[in-house]
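Spelled out, the chains give:
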Amino acid sequence: MATYQEFIQQNEDRDGVRFSWNLWPSSRLEATRLVAPVSCLFTPLKERPDLPPVQYEPVLCSRANCKAVLNPLCQVDFRAKIWACNFCFQRNPFPPSYAGISEVNQPAELMPQFSTIEYIVQRGPPAPLIFLYVVDTCLEEEDLQALKESLQMSLSLLPPNALVGLITFGRMVQVHELSCEGIAKSYVFRGTKDLSAKQIQEMLGLMKPAAAGNQGRPAAPQDAAASCRFLQPVHRVDMNLTDLLGELQRDPWPVPQGKRPLRSTGVALTVAVGLLEGTFPNTGARVMLFIGGPPTQGPGMVVGDELKTPIRSWHDIQKDNARHLKKATKYYEALANRSAVNGHNIDIYACALDQTGLLEMKCLSNLTGGHIVMGDSFNTSLFKQTFQRVFSKDYNGDFRMAFGGVLEVKEMGIGGTSQWKVCSLTPSTTLGIYFEVVNQHNAPVPQGGRGAVQFVTQYQHSNTQKRIRVTTIARNWADAQSQIQHIESSFDQEAAAVLMARLGVFRAESEEGPDVLRWLDRQLIRLCQKFGQFNKDDPSSFKLSESLSLYPQFMFHLRRSPFLQVFNNSPDESSYYRHHFVRQDLTQSLIMIQPILYSYSFHGPPEPVLLDSSSILPDRILLMDTFFQLVIYHGETIAQWRKAGYQEMAEYENFKQLLQAPLDDAQEILQTRFPMPRYIDTEHGGSQARFLLSKVNPSQTHNNLYAWGQETGAPILTDDVSLQVFMDHLKKLAVSSSA
Amino acid sequence: MDSNMDDMYMKPGNQERGWNDPPQFSYGLQMARGPQRNLLNKRAAPPASGAGAPPPFSPSPNPLSPPRCGVAPPPLHTAPPPPGCMATPPPPSGPIRSQKEAESSQPESEPDVQAVVLVLKRALAACRRTVRDQVCNDVEKRLRLLEDGWRSGRLSLPVRRRMDALAQELQACHWDTADEIHRSLMVDHVTEVSQWMVGVKRLISETRNLSPELLEPLHYPAEPVQDPTEPDQDPTEPDQDPAEPVQDPVSPS
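Residues numbered from 1 in each chain as written. Chains lettered and ligands numbered in written order. Predicted model: local features only at pLDDT ≥ 70, side-chain atom pairs only at ≥ 80, totals over all residues. Heavy atoms only, no water.

As recorded by an unreviewed UniProt entry, chain B carries the name Steroid receptor RNA activator 1 and is attributed to Scophthalmus maximus. A UniProt comment under Subunit (unreviewed entry) is attached to chain B, and it reads "SRA1 RNA exists in a ribonucleoprotein complex containing NCOA1. The RNA also forms a complex with PUS1 and RARG in the nucleus. Interacts with AR." Under the Sequence similarities (unreviewed entry) heading, UniProt states for chain B: "Belongs to the SRA1 family." (UniProt positions renumbered as here; feature names shortened; annotations may be inferred.)

Looking at an unreviewed UniProt entry, chain A carries the name Protein transport protein SEC23, with the source organism given as Scophthalmus maximus. Comment text from UniProt for chain A, heading Sequence similarities (unreviewed entry), reads "Belongs to the SEC23/SEC24 family. SEC23 subfamily."

This is the structure we're talking about:
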């Protein structure tokens, strides 16, 4: 590897791993002195079109409390057919099927290019995927119609063998029987009464004699399909279900003036979770909740039905004035945990102009790996296309969704493992894993000079196969006393920024806002003190090496981001942004922290420009990607030309092309991103320009405009600290000998 | 699926219901995308002098920098862009056309409802042997809805064209292609087709499971397409005798 940059990129491409430090400090004390924790972003199911899965079981270490998987780091004695586990040093014989291996005939899992490898394992009969639609009927007519059509459309996107079910709710909760006979039947539950799983299963007639104690085994598909009238194969019930959906009416209970509709989301979810628990525990299942407003009655209600009582804002929460918050959150957390234990995930599709209670309900998706999609109405392209993309397929024609994930992380020296359940995974789902170095200070560097970590992800593929993906990585230990420069050059500032940001978001959800910013600032100052090159008390001498040079800028933008700044966003919006932030891969996460800005002009090809007010110029078009929004901003002159219609004239074909260029680039993002971003086409002076103006570094404001002499770029009317001021303060604090 | 230009379009989002609603892609355009190019993933490096300090920018007195081909820049604000020069060439893009444009630009012949319905009915007839009556009747009901909708002019041209293509693929036993067309119609035109399309979907899935000999009637040549302005039928085609409604010999009364 010529540079760490290449090393980092190759490792991400092959293994889906980005470590904050690529040389590990050899003691706990030194690790804490590095400020940024030893941690990594890991994408368990990173799309690897070049990695065909192997059709055999992985070979495991025989030590009971190890069970690491055979990997390229293991020492192998090909003659004696023995391998040494690199985690616990146990010597293991190869299984009989490996009798023919040799140096020139190695199994894939020993080869370095297969540091990530996927096994297809046969464990019991293939279990079908299950999709349970839970639909709010307290919607406006236009919205309900659009939603119904989207659901009908989705039946064409589901695999024919998938099981599908329908629960509708408003004031009451209805579980629909999907038989093939003519008359539609449903079971109705009161929306005000909480029910236990057992009660629900009894009332739905799901109690089988041998049910008790049958925890781990899913019922054989034949029996389950026969016995469960509520979850039927798509290929059998699609026509009936299409009609049923087509005939759905708005909730019939009249809503008096000044009131909200009575929406029993809590009970609807309890019934859904209970239904799946009783029929298909431990099988991949998706509960898809569609809501057009907040829960207003029954357990889990978020706001009452009086319109004059608004739904809680951040202000209310800070003043401890949110009556239902704690109780509702607790209720949904309990449901989420039950669902997660069963390997079922819950998606929330919330489309309304006002808040719908995502703050209280977010755990349903966050704890189970489900999606949260937030829109204004079901009759929008944003919802329709995002929903379609839930069912998008990969290069093999398989769904990009995986179920029932269990991730184990093994580390060397401890022999122990840590296990997490991740009920639902997509190829982009990325976890942040934080490590603790446990070596005592001054203890010798561990044998072999390298630390190793193995990630083992078991999951149900969307084609119903059970698979195991194993990623084994190693990094060198380094003595921080003598090799601090090497450790510093192994720093991955992008990964570290995202990992710190995730920690920040985690804290922000449990602590007060200002405390998180103070914590973040403190970490940044300490990092600069440790790795900055400077003369004491001389801020102008401060320098950071290349491997850290962008890090302060990331932190600056992170502090201003909606993930840590709740001002200007509702609690639901903050929950939504945070939900997506903590599960995306590095590239997308970084876009969320520090949006990308490209400039289009007659002066040359499109180029990235500083996210700074000085980049806003009259003769440029800017394209900004914040992940949640795509903003195309036309500078003042461009806007005037556009208004005058020059693009329609033949001799100004080049102007037409210029206008089209950012649209074409935006299209690629619009075609692939999940969830679909908002699309803002604006110009100098336009009200929507605020999306751009609020993101750029306000290097020119009304405060310092005249200091630069001439008007260069668009001044931002704000009192926000600019990056320059931020950096000045940072340097001052970092070099101060009194710190 | 046939990548017909008609099927690859983008239309604006619903700005009335959702602020800044993104544009909507047709199913064809969605599916046609190649590997991700990730065009927009670079950041500008901060200037060496300090993180984020704006470069000392001295703008020209005239914001319209002279274009490369040497045309004198017109005066401020009211001037048009420099004409005639090749400015930033836009990156290669997918074929996007406005939906309206696509519809009117292809002077193909109008698809024949009779031919389409005939194929579907024959497929249904083939299914009657092995598939439950109730299912077949349900499918038949929906095929009737399709036919009624078509004949009364309630189906738009893209839907009619794609149904024509679907029928041809079905006749040729290209099950996956037919299925893909059905999916594209459900995604792009759900409002028009949702009532009956599920019947066509079922028909495809049942027909593909039939043993080959049952599928032979599908391949019989269709009766020559009748000129819609000529109601008089060729007397050598008894099926088309206007005095007798066309009877599918195995359909229930």
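Engineer: Could you give me a rundown of the overall build of chain B, with the residues and numbers involved?
Structural biologist: Counting secondary structure elements, chain B contains seven helices and two strands. Going residue by residue from the N terminus, the α and β elements of chain B occur as β-β-α-α-α-α-α-α-α. Counting all 253 residues of chain B, 39% fall into the buried class. Intrachain contacts of chain B at a sequence separation of at least 6 include 63% that bridge at least 24 residues. Of the roughly 14100 Å² of accessible surface on chain B, a fraction of 54% belongs to carbon and sulfur atoms. (Helix = DSSP H or I, 4+ residues; strand = E, 2+ residues; numbered from the N terminus. Buried < 20%, exposed > 50% of the residue type's maximum accessible area, 1.4 Å probe, protein only. Contact = heavy atoms within 4.5 Å. Areas by Shrake-Rupley, 256 points an atom, 1.4 Å probe, with all protein chains shown as cover.)

Engineer: Explain the overall build of chain A to me, and be specific about the residues and the numbers.
Structural biologist: Looking only at helices and strands, one finds 21 helices and 27 strands in chain A. Since a compact globule built from 739 residues should have a radius of gyration of about 27 Å, the 28 Å found for chain A is in line with a globular shape. The principal-axis extent of the C-alpha atoms belonging to chain A is close to 80 × 80 × 60 Å. Taking the intrachain contacts of chain A between residues at least 6 apart in sequence as the baseline, contacts between residues at least 24 apart amount to 72%. Split by element, the accessible area of chain A, about 29800 Å² in all, is 51% carbon and sulfur. If the 69 positive side-chain charges of chain A are averaged to one point and the 74 negative ones to another, these points end up 8 Å apart. (Rg over C-alpha atoms; globule rule 2.2 N^0.38 Å. Lys, Arg positive; Asp, Glu negative; His and termini not counted. Charge placed at Lys NZ, Arg CZ, Asp CG, Glu CD.)

Engineer: Can you lay out the UniProt feature "domain: Zinc finger Sec23/Sec24-type" (unreviewed entry) in chain A for me, pointing to particular residues and giving the numbers?
Structural biologist: This chain's UniProt record puts "domain: Zinc finger Sec23/Sec24-type" (unreviewed entry) on residues 58–98 of chain A. Note that residues 58–98 of chain A is 0% helix and 22% strand, and that its end C-alpha atoms are spaced 12 Å apart.

Engineer: How would you summarise the pattern of salt bridges if you had to cite specific residues and measurements?
Structural biologist: Two side chains of opposite charge can pair, provided their charged atoms sit close to one another. Across all of its chains, the model carries 49 salt bridges over all chains by this definition. One salt bridge in this structure joins Lys-259 of chain A and Glu-306 of chain A, with 3.4 Å as the shortest N-O distance. Of this pair, Lys-259 of chain A sits in the loop between α6 (234–247) and α7 (265–279) while Glu-306 of chain A is found in the loop between β13 (285–291) and α8 (314–318), placing the two residues 47 residues apart along the sequence. Among the residues examined, Lys-259 of chain A registers a relative accessible area of 26% and is labelled partly exposed. Two residues, Arg-183 of chain B and Glu-180 of chain B, come together in a salt bridge whose shortest N-O distance is 3.2 Å. With Arg-183 of chain B and Glu-180 of chain B both in helix α6 (residues 175–188), this residue pair falls three residues apart, about one helical turn. Within this structure, Glu-12, Arg-18, Asp-492 and Glu-494 of chain A form a network of salt bridges that share partners. (Salt bridge = Lys/Arg side-chain N within 4 Å of Asp/Glu carboxyl O.)

Engineer: Tell me about the packing of helix α18 (residues 636–644) of chain A against helix α19 (residues 653–672) of chain A, and please be specific about residues and values.
Structural biologist: All names here are of chain A. Their axes nearest at 12 Å, the elements α18 and α19 cross at an angle of 120 degrees. In the packing of α18 onto α19, the handedness of the crossing is left-handed. Every residue of α19 that contacts α18 at Ile-638, Trp-641 and Arg-642 is listed here: Phe-655, Leu-658 and Leu-659. When the residues that make up the contact of α18 with α19 are grouped by side-chain class, the tally is five nonpolar, no polar and one charged. (Axes fitted to C-alpha atoms, helices over the stretch in contact; angles between N-to-C directions. Left-handed = near helix turned anticlockwise from the far one by under 90°. Nonpolar A, V, L, I, M, F, W, Y, C, P; charged D, E, K, R; others polar.)

Engineer: Please provide a residue-by-residue account of the pairing of strand β3 (residues 39–42) of chain A, values included.
Structural biologist: All names here are of chain A. Burial of β3 is two-sided: the residues Ser-39 and Leu-41 facing one way and the residues Cys-40 and Phe-42 facing the other way are all buried. Two strands pair when backbone bridges link them, and strand β1 (residues 17–19) and β3 are joined in this way by three bridges, in the antiparallel orientation. When the sheet's bridge partners are listed, Val-17 is paired in β3 with Phe-42. Across four bridges, β3 lies against strand β18 (residues 431–434) in antiparallel orientation. Considered in β18, the bridge of Phe-42 is made with Leu-431. (Pairing = 2+ DSSP bridges.)

Engineer: Quick one: what's the story with the packing of aromatic side chains, residue by residue and with numbers?
Structural biologist: In total, this model carries 35 aromatic pairs over all chains according to the counting rule given. Measuring from ring centre to ring centre gives 5.9 Å for Tyr-4 of chain A and Phe-7 of chain A, while their planes differ by 90 degrees; the resulting arrangement is edge-to-face. On the criterion of helical spacing, the pair formed by Tyr-4 of chain A and Phe-7 of chain A is a turn pair, its members being three residues apart in helix α1 (residues 4–15). For Tyr-4 of chain A, a relative accessible area of 28% corresponds to the partly exposed category. Seen in terms of ring centroids, Phe-290 of chain A and Phe-387 of chain A are 5.4 Å apart; in terms of plane orientation they differ by 85 degrees. Their pairing is edge-to-face. In this pair, Phe-290 of chain A is assigned in strand β13 and Phe-387 of chain A in helix α11 (residues 381–390), connecting sequence segments 97 residues apart. Both residues of the pair, Phe-290 of chain A and Phe-387 of chain A, belong to the buried class. Members of the aromatic cluster, joined through ring pairs, are Phe-131, Tyr-133, Phe-290, Tyr-349, Phe-378, Phe-383, Phe-387, Phe-391 and Phe-399 of chain A. Its guanidinium or amino end placed over the ring of Trp-253 of chain A, Arg-171 of chain A lies 4.4 Å from that ring's centre, counting from NZ or CZ. Lying over the aromatic face of Trp-19 of chain B, Arg-678 of chain A brings its terminal NZ or CZ to 4.2 Å of the ring centre. (Phe/Tyr/Trp six-rings, centres within 6.5 Å; stacked < 30°, edge-to-face > 60°. Lys NZ or Arg CZ within 6 Å of the ring centre and 35° of its normal.)

Engineer: Any details on unusual backbone geometry? Residues and values, ideally.
Structural biologist: Residues and elements named next belong to chain A. Cis geometry marks the peptide bond from Phe-674 to Pro-675, where omega comes out at -5 degrees. By secondary structure assignment, the location of Pro-675 is in the loop between α19 and β27 (678–683). With a phi angle near 65 degrees, Asn-282 is a residue other than glycine that sits in the positive phi range. Among the structural elements, Asn-282 can be located in the loop between α7 and β13. For Thr-464, which is not glycine, the phi dihedral falls at a positive 75 degrees. With respect to the secondary-structure elements, Thr-464 resides in the loop between β19 (450–460) and β20 (466–478). Exposure remark for Thr-464: the relative accessible area of 23% places this residue in the partly exposed category.

Engineer: Requested: an account of the sheet that holds strand β6 (residues 91–93) of chain A, with residues and values cited.
Structural biologist: Residue and element names in this part refer to chain A. The three strands are arranged β4-β5-β6 in an open sheet whose pairing can be described as antiparallel. Lying at the two open borders of the sheet, with one neighbouring strand each, are β4 (75–77) and β6. If you compare each strand with its neighbour and ignore which way they point, the axes differ by 25 degrees on average. Across three bridges, the pairing between strand β5 (residues 82–84) and β6 is antiparallel. Bridged to Ile-82 within β6 is Pro-93.

Engineer: Describe the nonpolar core, naming the residues involved and giving the relevant values.
Structural biologist: The tendency in soluble globular proteins is for nonpolar side chains to be buried as a group. One finds Leu-275 and Phe-455 of chain A to be the most contacted residues of the largest nonpolar core, which totals 147 residues. Apart from residues no more than four positions distant in its own chain, Leu-275 of chain A is found in contact with Leu-132, Ile-167, Val-175, Ile-200, Leu-204, Leu-206, Cys-228, Phe-230 and Leu-231 of chain A. Leu-147, Phe-290 and Phe-378 of chain A together with Ala-123 of chain B belong to the second largest nonpolar core, which has 79 residues in total. (Core = buried A, V, L, I, M, F, W, Y, C linked by side-chain atoms within 4.5 Å.)

Engineer: Describe the environment of Asn-20 of chain B, listing the residues and the values that go with them.
Structural biologist: Looking at where Asn-20 of chain B falls in the secondary structure, it is placed in the loop between β1 (10–11) and β2 (24–25). Discounting chain neighbours no more than four positions away, the residues touching Asn-20 of chain B are Arg-678, Tyr-679, Ile-680, Gln-688 and Phe-691 of chain A together with Gln-15 of chain B. Within the structure, Asn-20 of chain B has its side chain in polar contact with the side chain of Gln-688 of chain A (distance 3.0 Å). (Polar contact = N/O pair within 3.5 Å; in protein donor to acceptor, adjacent residues only side chain to side chain.)

Engineer: Help me get a handle on the packing of helix α3 (residues 113–127) of chain B against helix α4 (residues 133–151) of chain B, residues and values and all.
Structural biologist: Residue and element names in this part refer to chain B. Orientation of α3 relative to α4, taken along the N-to-C sense of each, is 180 degrees, at an axis distance of 11 Å. Relative to α4, α3 is oriented roughly antiparallel. Residues Val-113, Gln-114, Val-116, Val-117, Leu-120, Lys-121, Leu-124 and Cys-127 of α3 form the contact with α4, whose participating residues are Cys-136, Val-139, Glu-140, Leu-143, Leu-146, Glu-147, Trp-150 and Arg-151. For the contact of α3 with α4, the per-class residue count stands at 11 nonpolar, one polar and four charged. (Parallel < 35°, antiparallel > 145°, perpendicular 65-115°, else oblique.)

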